[in-house]
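Each chain is listed here by its residues.
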Amino acid sequence: MTAPTFHELLRSQKVWDVDLPAFDPATAPDDPVPLFHQWFADAVTAGQPEPHTLTLATTDTEGRADARTVMLHGADADGFHFATHATSRKGTQLAARPYAAAHFYWAARARQIRVRGPVTTAPHAAALADLHARSTGALAAALVGRQSEVLPSYGELASASDAAWERARAEPDADAPSWTLYALRPDEVEFFQGDARRRHVRLRYREERGAWVRELLWP
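Computed from a prediction, not measured in an experiment: that's the story for all the values here.

Thresholds, definitions, all that
Residues numbered from 1 in each chain as written. Predicted model: local features only at pLDDT ≥ 70, side-chain atom pairs only at ≥ 80, totals over all residues. Heavy atoms only, no water. Pairing = 2+ DSSP bridges. Helix = DSSP H or I, 4+ residues; strand = E, 2+ residues; numbered from the N terminus. Buried < 20%, exposed > 50% of the residue type's maximum accessible area, 1.4 Å probe, protein only. Salt bridge = Lys/Arg side-chain N within 4 Å of Asp/Glu carboxyl O. 1 Å grid on protein atoms, 1.4 Å probe; cavity = no way out; pocket = protein on both sides within 12 Å on 5 of 7 lines; lining within 4 Å. Points joined across faces, edges and corners; volume = space filled by probe spheres on them. Nonpolar A, V, L, I, M, F, W, Y, C, P; charged D, E, K, R; others polar. Axes fitted to C-alpha atoms, helices over the stretch in contact; angles between N-to-C directions. Parallel < 35°, antiparallel > 145°, perpendicular 65-115°, else oblique. Left-handed = near helix turned anticlockwise from the far one by under 90°. Contact = heavy atoms within 4.5 Å. Core = buried A, V, L, I, M, F, W, Y, C linked by side-chain atoms within 4.5 Å. Phe/Tyr/Trp six-rings, centres within 6.5 Å; stacked < 30°, edge-to-face > 60°.

*Asks:* I keep staring at the pairing of strand 10 (residues 211-216) and nothing clicks. Help me out?
*Replies:* Two faces belong to every sheet, and in a regular strand the side chains alternate between them. Pairing analysis gives six bridges linking strand 9 (residues 201-208) to strand 10, with the strands arranged antiparallel. Bridging across to strand 10, Glu207 finds its partner in Trp212. Count of turn residues in the strand 9/strand 10 antiparallel hairpin: two residues, of which Arg209 carries a positive phi of about 55°.

Here it is in structure tokens:
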């Protein structure tokens, strides 16, 4: 594909080619978590593919940003929960700099949610309970381990995966030592509602002295 063809294709894409919902920030609750629950349920109803995935951003020891898509495991008063191997790239980055940002984008409703805050780890027993409540495939993937390491060949992955699937079926309570459950406890949460006339609504919750301050932002 030539650069002009790509540019033409890029410019031809539509943004939010759907009926956009209204959002009155004056009706928002005092705490961001109930609003997140409401928006999540609405995204599911609207048919948003994989609304439980988010982009997680971390930084390495040199301050260089990194990002990837992970799965949300929960959202409550303790924070936004996700899991990974402590030995993975994001795991080692969080160990060195336990602060992260998360981003949800639900195009079906023209909505974004941005979350920033410190990250803590749960006890290993909680991580295993969360893992064992999921699918056999999730356990098998955790048992494979070695996430982010250099893979010499795809055949090695296939072999390790087959062995992990066999073990996961035979030992549904198997331990995955490096599997870790994290909680991003927000000190800032922003809810963005797109508007066809570009009058986007941005409502930010900012923690101040143990309480949430709500404020509108210019789009």
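After presenting the structure, the write-up continues.
*Asks:* Mind showing me how you'd approach the pairing of strand 5 (residues 99-106) here?
*Replies:* Side chains of strand 5 alternate between two faces, with Ala100, Ala102, Phe104 and Trp106 buried and Tyr99, Ala101, His103 and Tyr105 left unburied. As paired elements, strand 1 (residues 53-59) and strand 5 share three bridges and run antiparallel to each other. Across the sheet, Leu56 pairs through a bridge with Ala102, a residue of strand 5. Inspection of the sheet shows strand 5 paired to strand 6 (residues 111-121) by eight bridges, in the antiparallel sense. The partner of Trp106 across the bridge, within strand 6, is Arg111.

*Asks:* Can you walk me through the pattern of salt bridges in this structure?
*Replies:* Charged atoms that come close allow side chains of opposite charge to pair. Per the stated rule, a full pass over the model turns up 16 salt bridges. Its salt-bridge partner being Arg214, residue Asp30 comes within 3.9 Å of it at the nearest N-O pair. Here Asp30, found in the loop between helix 1 (3-11) and helix 2 (32-45), pairs with Arg214, found in strand 10; they are 184 residues apart in sequence, far enough to count as distant. Owing to a relative accessible area of 61%, Asp30 belongs among the exposed residues under this scheme. Arg214 gets classed as partly exposed once you look at its relative accessible area, which sits at 36%. Sharing partners across several salt bridges, the network here consists of Arg204, Arg206, Glu208, Arg209 and Glu215.

*Asks:* So what exactly am I meant to see when it comes to the layout of surface pockets here?
*Replies:* If you roll a probe as big as a water molecule over the atoms, it shows you where there is empty space left. Considering only enclosed or pocket space, the largest pocket measures out at about 550 Å³ in volume. Forming the walls of the largest pocket are 30 residues, and the residues nearest its centre are Ala141, Val144, Gly145, Arg146 and Gln147. Residues of the lining of the largest pocket, tallied by class, amount to 16 nonpolar, nine polar and five charged. For the second largest pocket, the calculated volume is near 180 Å³.

*Asks:* In this structure, what is going on with the packing of helix 5 (residues 136-144) against helix 6 (residues 154-170)? I would like to understand it.
*Replies:* When two helices pack together, their arrangement is given by the angle between the helix axes and the distance between those axes. Direction vectors running N to C along helix 5 and helix 6 enclose 125°, while the axes themselves pass 8 Å from each other. The orientation of helix 5 relative to helix 6 falls into the category oblique. Crossing of helix 5 over helix 6 shows right-handed handedness. Contact residues: helix 5 offers Thr136, Gly137, Leu139, Ala140, Leu143 and Val144, while helix 6 offers Leu157, Ala160, Ser161, Ala164, Trp165, Arg167, Ala168 and Arg169. Residue composition of the contact of helix 5 with helix 6, grouped by class: nine nonpolar, three polar and two charged.

*Asks:* Can you walk me through the nonpolar core in this structure?
*Replies:* As a rule of thumb, nonpolar side chains are buried together in soluble globular proteins. Of all hydrophobic cores here, the largest spans 27 residues; its most connected members are Leu35, Phe36, Phe82, Phe104, Ile113, Leu184 and Phe191. Every element with two or more residues in this core is listed here: helix 2, strand 1, strand 4 (79-85), strand 5, strand 6, strand 7 (179-184), strand 8 (188-193) and strand 9. Among all residues touching Ile113, those that are not within four sequence positions of it are Phe36, Trp39, Ala102, His103, Phe104, Trp106, Val189, Glu190 and Phe191. Core analysis: the second largest hydrophobic core is formed by 14 residues, Ala127, Leu139, Ala164 and Leu181 among them.

*Asks:* Whenever I open this one, unusual backbone geometry confuses me. Can you help?
*Replies:* Leaving glycine aside, a negative phi is the common case for residues, and trans is the common case for peptide bonds. A positive phi angle, near 80°, is found at Ser148, a position not held by glycine. Among the structural elements, Ser148 can be located in the loop between helix 5 and helix 6. In the Ramachandran plot, Arg209 falls in the positive-phi region, its phi being about 55° despite a non-glycine side chain. You can see Arg209 is positioned in the loop between strand 9 and strand 10.

*Asks:* Is there a simple way to think about the packing of aromatic side chains in this case?
*Replies:* How two aromatic rings sit relative to each other is given by the distance of their centres and the angle of their planes. Applying the stated criterion to the full structure yields 13 aromatic pairs. Residues Phe36 and Phe80 carry aromatic rings whose centres are separated by 5.0 Å and whose planes lie at 85° to one another, so their mutual orientation is edge-to-face. Placement of the pair is Phe36 in helix 2 and Phe80 in strand 4, with a sequence separation of 44 residues. Under the relative-accessibility criterion, Phe36 is labelled buried at 2%. Plain terms: the ring middles of Phe40 and Trp106 are 6.0 Å apart, the flat faces sit at 70° to each other, and that makes the pair edge-to-face. Residue Phe40 is located in helix 2, and its partner Trp106 is located in strand 5; the two are separated by 66 residues in the primary sequence. For Phe40, a relative accessible area of 24% gives the class partly exposed.

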